[in-house]
Amino acid sequence: MKTSDKMYGISEDFIRAVPKTDLHVHIDGSLRLSTLIELAKELKVKLPSYTVEGLKKLVFKEHYQSLIDYLRGFKYTDDVMQNAEALERIAYELALDCFADGVRYIEPRFAPQLHANKDFSIEDVLEATNRGLAKAKKEINNSKQIKDGKEPPFAYGIIGCALRMFNEHYSDYYDNFVHAHLFSTDDERFAMASLELAKALIRIRDAFGIPIVAFDLAGAEAGYPAENHQASYQYVHKNFLKKTVHAGEAYGAASIFQAITDLHADRIGHGTYLFDETKVELPTKDERKKYIYDLSQYIADSRITLEISLTSNLQTNPELRDISKHPCKKMLDQKLSVTFCTDNRLISNTTSTKEFKLAADTFGLNREQLKDIIAYGFKRSFYPGEYSEKRAYVRQVLNFYEKLENKFFKA
Ligand SMILES: [Zn+2]
């Protein structure tokens, strides 16, 4: 099988050409470097360098020492994303960049509370972001190929992230929030800010017609449990917003278990340590094994999709330096539903094409497997339209995909 798989030769050109999804992409981790520099100059934000080369050397690197090192870049990107013009531009450029890489459907995510301040409300933050995305979508879908129905259109849904933890330094909004709730504990503040965002997302989705499709929980996992966010997830659950949770990225299977049982997660961000027995706190080996087995079987059977970002996982988990050791292989072997995502196009220095190519090469994916995984990205997306429209869209994507397969592989 291996030889014939290799003979298929899944080339980078093919992967770039086929319609793909990116279901896990942080807006504030995916700026164009040139835009960051331009905005920093305009907004008088201090950067350690004002050249692309300089920033690549100092901040946005190929490899990182640790998660802390990886996260350093967000300080600069978030600092230039504090007004409507900047957010609109960054969202617009992100959609264009994804489309140029053959990505037809994206679910850009961000934490609106990191961008809001006294002159820039949560509604304005979401409106500005949506304006940028909608403008890109309109331009892209105006092409003759798409208008004639020869190619599937570009579409998107926005994901709003609550943070597992924050302090007054995170943003003006969080600074005010902390100071307005001085008599609450940290955990109580995390819960309140999360619920406030949940309410905002539902209201803004319903009143403004902005395609907000899901709620997410991001930020440091260890020590900041999902249970703080039960009320907010319950709230969005009751309001038919979909749910994804960063879990098992830096912490073990218990975090994934909580995401599913406490937060009703439809998808899991990363899930890297799902199979890691050393991270399960149960007394015996048999109990640890059973816990992981039951959990992974539940995930597989419920089709809870794991949003895998290989490059990012390698960069933030020093233990995973060798990509062939990534648990994705085991996830695929056990028939879990996975989708490949960039996480942060700038900070991880990656694209969807790179991620799918890396996966295909590392795990020896054949053409059928690649197609299944890509199709699953569309199927398990939180597409903002009606279900029947989503079905038609997925069909159109697959027809186009098959046309490209014929073109690339006609022997
Ligand atoms: Zn992420």
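Anything mentioned here points back to the structure above.
Procedures and definitions
Residues numbered from 1 in each chain as written. Predicted model: local features only at pLDDT ≥ 70, side-chain atom pairs only at ≥ 80, totals over all residues. Axes fitted to C-alpha atoms, helices over the stretch in contact; angles between N-to-C directions. Helix = DSSP H or I, 4+ residues; strand = E, 2+ residues; numbered from the N terminus. Parallel < 35°, antiparallel > 145°, perpendicular 65-115°, else oblique. Left-handed = near helix turned anticlockwise from the far one by under 90°. Contact = placed C-beta atoms within 7 Å. Nonpolar A, V, L, I, M, F, W, Y, C, P; charged D, E, K, R; others polar. Core = buried A, V, L, I, M, F, W, Y, C linked by C-beta atoms within 7 Å. Buried ≥ 20, exposed ≤ 12 C-beta atoms within 10 Å, placed from the backbone. Expected span 1.5 Å × (residues − 1). Arc of directions from axis to C-beta. Pairing = 2+ DSSP bridges. Right-handed = clockwise from strand over helix to strand, strands pointing away.

(A) Structural view of the packing of helix H12 (residues 253-261) against helix H13 (residues 285-302). Where H12 contacts H13, the axes come no closer than 11 Å and their chain directions differ by 40°. Regarding the angle of H12 to H13, the classification is oblique. H13 is crossed by H12, and the crossing has left-handed handedness. Facing H12, whose interface residues are Ala253, Ile256 and Phe257, H13 presents Tyr291, Ile292 and Leu295.

(B) Highlighting the packing of helix H17 (residues 367-379) against helix H18 (residues 387-409). Axis separation between H17 and H18 bottoms out at 10 Å; the angle between their running directions is 155°. As summarised for this structure, H17 and H18 are arranged roughly antiparallel, according to the angle between their axes. Of the two possible hands of crossing, H17 and H18 adopt the one that is right-handed. Along its contact with H17, which presents Lys371, Ala375, Phe378 and Lys379, the element H18 presents Val394, Val397, Leu398 and Tyr401. Looking at the contact of H17 with H18, its residues break down into six nonpolar, no polar and two charged.

(C) Representation of the nonpolar core. Leu201, Ala253, Ile256 and Ala259 are the most contacted members of the largest nonpolar core, which totals 113 residues. Looking at this core element by element, the count peaks at eight residues for helix H10 (residues 186-208). Look past the residues within four positions of alanine 253 in its chain and what remains in contact with it is Gly248, Tyr273, Leu274, Lys279, Val280, Tyr291, Ile292 and Leu295.

(D) A look at H17. Taking 1.5 Å per residue as the helical rise, H17 with its 13 residues ought to reach 18 Å, and the 18 Å between its terminal C-alpha atoms agrees with that figure. Among the residues of H17, those classed as buried are Leu370, Ile373, Ile374, Gly377 and Phe378. Projected down its long axis, H17 shows its buried positions confined to an angular sector of 145°, all on one face. Looking at the packing, one finds that the buried side of H17 touches strand E1 (20-26), strand E2 (103-110), strand E9 (338-340), helix H16 (352-363) and H18.

(E) Representation of the environment of leucine 295 within the structure. Its place among the elements puts leucine 295 in helix H13. C-alpha of leucine 295 to C-alpha of leucine 274: the two residues are 21 residues apart in sequence and 8.4 Å apart in space. The residues contacting leucine 295, other than those within four sequence positions of it, are Ala253, Ile256 and Phe257.

(F) Structural view of the pairing of strand E5 (residues 212-218). Here E5 lies mainly inside the structure; seven of its seven residues are buried. Bridging between strand E4 (residues 158-163) and E5 involves six bridges; their strand directions are parallel. Residue pairing for E5: leucine 163 is matched across the bridge by alanine 218. The handedness of the E5 to strand E6 (residues 242-247) crossover, carried by helix H11 (residues 230-238), is right-handed.

(G) Summary view of unusual backbone geometry. The phi torsion at phenylalanine 240 lies on the positive side, around 55°, for a residue other than glycine. Relative to the assigned elements, phenylalanine 240 resides in the loop between H11 and E6. The class of phenylalanine 240 is exposed, set by 8 C-beta atoms lying within 10 Å. The phi angle at lysine 335 is positive, at roughly 65°, despite the residue not being glycine. Within the element layout of this structure, lysine 335 appears in the loop between helix H15 (328-333) and E9. Residue lysine 335 is classed as exposed on the basis of its 10 C-beta neighbours within 10 Å.

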